[in-house]
Amino acid sequence: MPDLELRNESFDGPAARAFIQMVQQEYVERYGGPDETVLDAAEFAPPNGGFVVVYLDGEPAACGGWRTLADWPATAEIKRMFVAPAYRRRGLARYVLLALEDAARAAGHTQLWLETGQRQPEALELYRSAGYEPIDGYGHYREAPLARPMGKRLA
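It should be emphasised that the depicted structure is a prediction, and the values quoted were computed from it without experimental measurement.

Asker: So, the overall build of the protein chain: which residues are in play, and what are the values?
Answerer: Counting its regular elements, the protein chain contains 3 helices and 7 strands. For 155 residues, the compact-globule formula gives about 15 Å, and the C-alpha radius of gyration of the protein chain, at 14 Å, lands near that figure. Principal-axis analysis of the C-alpha atoms places the extent of the protein chain at approximately 40 × 35 × 30 Å. Counting across all 155 residues of the protein chain, residues that qualify as buried make up 44%. Taking the contacts inside the protein chain whose residues are at least 6 apart along the sequence as the reference set, 64% of them involve residues at least 24 apart. Counting every atom, the protein chain has about 8,400 Å² of accessible surface; 52% of that belongs to carbon and sulfur. The distance from the centre of the 17 positive side-chain charges to the centre of the 22 negative ones in the protein chain is 4 Å.

In structure tokens, the structure reads:
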């Protein structure tokens, strides 16, 4: 049985930086460029945000963060959810997603939004299966033709 550990970490910590570099490279491969959303590490610090890293047998395997959206204070946004290629198809993305939902709910948020894209079918399927539905565009990619914004009410 693998040893699974979820750690709250800093958005600008070493594991997060390595994952963010990997996810940005994946965006380059899928969309031709990195995500250009301006992010500040302070947005992912409690109490207005959080960032988690999942370790599998002591190795960083997956990550994800949430931040409060200033224009919609009851809404949190998921950013930089990623599973390293060697650890995919093991349920880690769902594990991270549930942890982010729980943290946003505990912080008093009533809904969670995210931006994914048409060229990420596995992410679209994960979010749909977890109860996320299409919403109107918002943020940096509100007008992008490949953007697929989604949201979920937190009970």
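Asker: Help me get a handle on the side chain of T37, residues and values and all.
Answerer: In this structure, T37 sits in the loop between α1 (14-31) and β2 (49-56). Here the side chain of T37 touches D35 through a polar contact of 2.7 Å, side chain to side chain. Non-local contacts of T37, meaning those with residues more than four positions away in its chain, are made with R67, K79, R80, E115, H140 and Y141.

Asker: Help me get a handle on the pairing of β2, residues and values and all.
Answerer: In terms of residue burial, β2 counts as a mostly covered element, since 8 of its 8 residues are buried. With burial as the criterion, each face of β2 is covered, one bearing G49, F51, V53 and Y55 and the other bearing G50, V52, V54 and L56. The pairing of β2 with strand β3 (residues 59-69) spans 8 bridges and is classified as antiparallel. Within β3, the position partnered with G49 by the bridge is R67. Linkage of β2 to β3, two consecutive antiparallel strands, is achieved through a turn of 2 residues, within which D57 is found at a positive phi near 55°.

Asker: Which residues make up the sheet that holds strand β1 (residues 4-8), and what are the values?
Answerer: Strand order in the open sheet made by the 7 strands is β1-β2-β3-β4-β5-β7-β6, with mixed pairing throughout. Each edge of the open sheet is held by one strand with a lone partner, namely β1 and β6 (133-134). By the bridge criterion, 7 bridges tie β3 to strand β4 (residues 72-83) in an arrangement that is antiparallel. If you follow G65 over to β4, its bridge partner there is K79.

Asker: So, the side chain of T116: which residues are in play, and what are the values?
Answerer: Here T116 is to be found in strand β5 (residues 111-117). For T116, the residues in contact, after removing those within four places along its chain, are A123, L124, Y127, L146, A147, R148 and M150.

Scoring rules and cut-offs
- Residues numbered from 1 in each chain as written.
- Predicted model: local features only at pLDDT ≥ 70, side-chain atom pairs only at ≥ 80, totals over all residues.
- Heavy atoms only, no water.
- Helix = DSSP H or I, 4+ residues; strand = E, 2+ residues; numbered from the N terminus.
- Rg over C-alpha atoms; globule rule 2.2 N^0.38 Å.
- Buried < 20%, exposed > 50% of the residue type's maximum accessible area, 1.4 Å probe, protein only.
- Contact = heavy atoms within 4.5 Å.
- Areas by Shrake-Rupley, 256 points an atom, 1.4 Å probe, with all protein chains shown as cover.
- Lys, Arg positive; Asp, Glu negative; His and termini not counted.
- Charge placed at Lys NZ, Arg CZ, Asp CG, Glu CD.
- Polar contact = N/O pair within 3.5 Å; in protein donor to acceptor, adjacent residues only side chain to side chain.
- Pairing = 2+ DSSP bridges.

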